[in-house]
Amino acid sequence: EESFRLGVVDEFHLPVVSETWDGWLSAIESFPLTRSDAAAALAAASDGPVAEGCVGGGTGMICHEFKAGIGTSSRVVSMVGERYTVGVLVQANYGLRQDLRVDGAPVGRLIGEEVVPSAWDEAPNGGSIVILIATDAPLLADQCRRLARRATVGLARVGGYGHDSSGDLFFAFSVGNHLPRRPNRVREVRSLPNEAMDPLFHGVAEATEEAIVNALCAAVTTTGREGRTAYEMPLDSMAEILARHQGNLPEGGRD
């Protein structure tokens, strides 16, 4: 009913559903979500800024042993004389502290557990992340598949290695073609030449990297089941590490 209210009038729908495990903080066996929760989420959907951090499915997320959640970022790129946007949304729930890098700086190694305790009693081998990529560039299905694969580059920059038990899911879609609902003739679609896609690949990698960092920066310390606590990223410490890494601070601390 809610989809019809929003103007989605197709006879049937094929939703894409994915998950990242939040059972360390949440009582997942209680199945708390209901049909009304789904309807409320659809009703609240709108354009404009996307809520980040401990919201929605990101509420129970842990990334590189810090509290994390939802993050998003975008880039505008130029190709074949046109400008297109590529946006990335992540739900980040993976990684070890020691692997975390921000803009190349080894932030995870420099913010040890004596400064910010790990969210885990014992860090698991693996984790998961969902990366959703959207663009208004006109792409065919195989080109969307190529775009999705480039999310790996951004994930690796932050410190994701796709461990053996990780559930890393990348999705990409394009809204660059608008097709009639009931065509009575051959459909015509546009697509970028493959040779022109490199700027999109760069945009996806950069936006994925930034979206994961945003998920970490926007999250706040959260206590869940059995008193387990996932601590937020100390932003002052991260900013100081980045400034030193970029040569803007002397070794030893602030000016």
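Keep in mind that this is a model prediction, so the values were computed, not measured.

Student: Help me understand the overall build of the protein, please; the structure alone is not making it clear to me.
Tutor: When helices and strands are tallied, the protein shows seven helices and eight strands. For the protein, whose C-alpha radius of gyration is 20 Å, the value lies close to the compact-globule estimate of 18 Å for 255 residues. Projecting the C-alpha coordinates of the protein onto the three principal axes gives extents of approximately 70 × 45 × 35 Å. Residues classed as buried in the protein amount to 38% of the 255 residues present. Accessible surface computed for the protein: about 14600 Å², of which carbon and sulfur atoms make up 53%.

Student: Just to check I follow, could you spell out the sheet that holds strand S5 (residues 128–135) for this structure?
Tutor: The strands making up a sheet are joined through hydrogen bonds of the backbone, oriented either antiparallel or parallel. Strand order in the open sheet formed by four strands is S3-S4-S5-S6, and the pairing between neighbours is mixed. Each edge of the open sheet carries a strand with a single partner, namely strand S3 (70–79) and strand S6 (167–174). Strand-to-strand, the axes of this sheet are offset by a mean angle of 15°, without reference to chain direction. Sheet topology note: the S3/strand S4 (residues 82–93) ladder contains 10 bridges and is antiparallel. Paired with Ser73 across the two strands is Val88, which belongs to S4. Sheet strands touched by helix H4 (residues 141–149): S5 and S6. Its angle to S6, the strand with the most contacts, is close to 140°. Where helix H5 (residues 151–158) meets the sheet, it contacts S5 and S6, and its direction lies at approximately 135° from that of S6.

Student: Hey, could you run me through unusual backbone geometry in this one?
Tutor: Residues apart from glycine generally show negative phi values, whereas peptide bonds are mostly found in trans. Residue Phe31 is not a glycine yet carries a positive backbone phi of 45°. When you line up the elements, Phe31 lands in the loop between helix H1 (2–5) and helix H2 (35–44). Positive phi values are uncommon outside glycine, yet Glu65 reaches one of about 75°.

Student: Looking at this structure, how should I read the environment of Ile111?
Tutor: Turning to its location among the elements, Ile111 is positioned in the loop between helix H3 (107–110) and S5. Counting along the chain gives 123 residues from Ile111 to Pro234, while the straight-line C-alpha distance between them is 8.6 Å.

Student: It is not clear to me how the nonpolar core should be interpreted in this structure. Could you clarify?
Tutor: One broad rule of soluble globular proteins: the nonpolar side chains tend to lie buried together. In this structure, Val90, Val107 and Leu200 are the most contacted members of the largest nonpolar core, which totals 42 residues. Those elements that provide at least two residues to this core are S3, S4, S5, H4, H5, helix H6 (198–218) and helix H7 (235–245). If you look at the next biggest cluster of nonpolar residues, it comprises six residues, including Trp24, Leu25, Ile62 and Ala119.

Student: What should I look at first to understand the environment of Val158 in this one?
Tutor: As for its placement among the helices and strands, Val158 is situated in helix H5. You can call Val158 buried: its relative accessible area is 0%. For the pair Val158 and Asp99, spaced 59 residues apart in sequence, the C-alpha to C-alpha distance is 7.7 Å. The contact partners of Val158, leaving out residues within four places of it in the chain, are His64, Tyr94, Asp99, Leu100, Arg101, Glu209 and Ile212.

Here is what the cut-offs are and how they apply
- Position numbers for residues count from 1 along each chain, tracking the sequence in the order it is written.
- Totals for whole chains, interfaces and linings use all residues, but because this is a predicted model, local features are given only for residues with pLDDT of at least 70 and pairs of side-chain atoms are given and counted only at 80 or more.
- Each side-chain value is derived from all of the structure's non-hydrogen atoms; neither hydrogens nor water enter the calculation.
- A run of H or I in DSSP counts as a helix once it spans at least four residues, and a run of E counts as a strand once it spans at least two, with each numbered from the N terminus.
- Atoms counted for the radius of gyration: C-alpha only. Globule rule: 2.2 Å times the number of residues to the power 0.38.
- Accessible area is worked out with a 1.4 Å probe on protein chains only. A residue is then buried under 20% of its type maximum, exposed over 50%, and partly exposed in between.
- We get accessible surface area from the Shrake-Rupley algorithm with a probe of 1.4 Å; when it comes to residues, only the shown protein chains can shield them.
- Should DSSP find at least two bridges between two strands, the strands are taken to pair.
- The convention used is that axes are lines fitted to C-alpha atoms, helices contributing only their stretch in contact, and that angles between N-to-C directions extend from 0 to 180 degrees.
- The contact definition used throughout considers only heavy atoms, calling two residues in contact when any of these lie within 4.5 Å.
- Working definition of a nonpolar core: buried Ala, Val, Leu, Ile, Met, Phe, Trp, Tyr and Cys residues. They are joined through side-chain atoms within 4.5 Å.

Remember, this is a structural readout, not a statement about activity or role.
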